[in-house]
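# Observations on chain architecture
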Amino acid sequence: MQFFVDTAEIDDIRELASTGLLDGVTTNPSLIAKSGRDFMEVTKEICGIVDGPVSAEVVALDHETMMKEAEVLRKIADNVCIKVPLTMDGLKTCNALSRDGTMVNVTLCFSANQALLAAKAGATFVSPFVGRHDDNGTDGMDLIRDIRLIYDNYAFETEILVASVRHVVHVLEAARIGADVMTAPPKVIHALVKHVLTDKGIDGFMADWAKTGQSIL
Ligand code: E4P
């Protein structure tokens, strides 16, 4: 499973990229606003840190303007992936861009039928939002299971990018189901490495090693 980080914070992206575990980045208008940075400038900087796809979202709601915005965004770098909303205009834009060889991430997916449409429109990625589903009282992971089943039924190549990930159990479930990608805030990715027994084990080994009076270097 590929790991994307869902942020526009450069320091967090650099730190995760240095681990070799990061495959891409997703941003959205809210994350750009939170960063306080210029959209074009921060996106260019992110694209220079990671080799993988960097999702940059259009903000127009109509197809013609989405195409114009996409034209500007895709000039930023070769690894820009144009993010469009799951609307009829977004799907039309997805279709036009993907025919042209541009990576497209169809975002704000909340139903399996929407995901089916995104695949038919040639999306590189579809982003079902599991956390927001859970917030709404429905199990977001049921949606991922349905999309996996439908995409496998028809051998769609669109990758399932599990988004709105809030905690480590979302990551575990997404991996069990066979989602292709998950995007999570930095703190969730950092939490994946933590286990109390790992910390306890290290403490024990360090204490016993100190008793030997030896050193490796
Ligand atoms: C995905 O691309 C979105 O940016 C993101 O995962 C949304 O997450 P949220 O529901 O925590 O805002």
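Right, let's walk through the structure included here. From a predicted model like this one, the values you see are computed outputs, not experimental measurements.

## Section: the sheet that holds strand β5 (residues 104-109)
Pairing in this closed barrel of eight strands is parallel, and the strands run β1-β2-β3-β4-β5-β6-β7-β8 around the ring. For this sheet, the mean angle separating the axes of adjacent strands, direction not counted, is 30 degrees. In terms of strand pairing, strand β1 (residues 2-6) meets strand β2 (residues 24-26) through three bridges, oriented parallel. In the strand pairing of β2, D6 is matched with T26.

## A closer look at the environment of L16
Note that L16 resides in helix α1 (residues 10-17). Owing to 21 C-beta atoms within 10 Å, L16 belongs among the buried residues under this scheme. Separated by 12 residues in sequence, L16 and F4 have C-alpha atoms that sit 9.8 Å apart. Those residues in contact with L16, other than ones at most four positions away along the chain, are V5, L21, L22, P186 and I189.

## A word on helix α11 (residues 196-212)
Taking 1.5 Å of rise per residue, 17 residues should cover 24 Å, and α11 covers 25 Å from first to last C-alpha, within 8% of that figure. For α11, the tally of buried residues reaches only zero of 17 residues, placing the bulk of the element at the surface. One or two steps after α11, the chain reaches G213, where phi turns positive at roughly 70 degrees.

Criteria and cut-off values
- Residues numbered from 1 in each chain as written.
- Predicted model: local features only at pLDDT ≥ 70, side-chain atom pairs only at ≥ 80, totals over all residues.
- Pairing = 2+ DSSP bridges.
- Helix = DSSP H or I, 4+ residues; strand = E, 2+ residues; numbered from the N terminus.
- Axes fitted to C-alpha atoms, helices over the stretch in contact; angles between N-to-C directions.
- Buried ≥ 20, exposed ≤ 12 C-beta atoms within 10 Å, placed from the backbone.
- Contact = placed C-beta atoms within 7 Å.
- Expected span 1.5 Å × (residues − 1).

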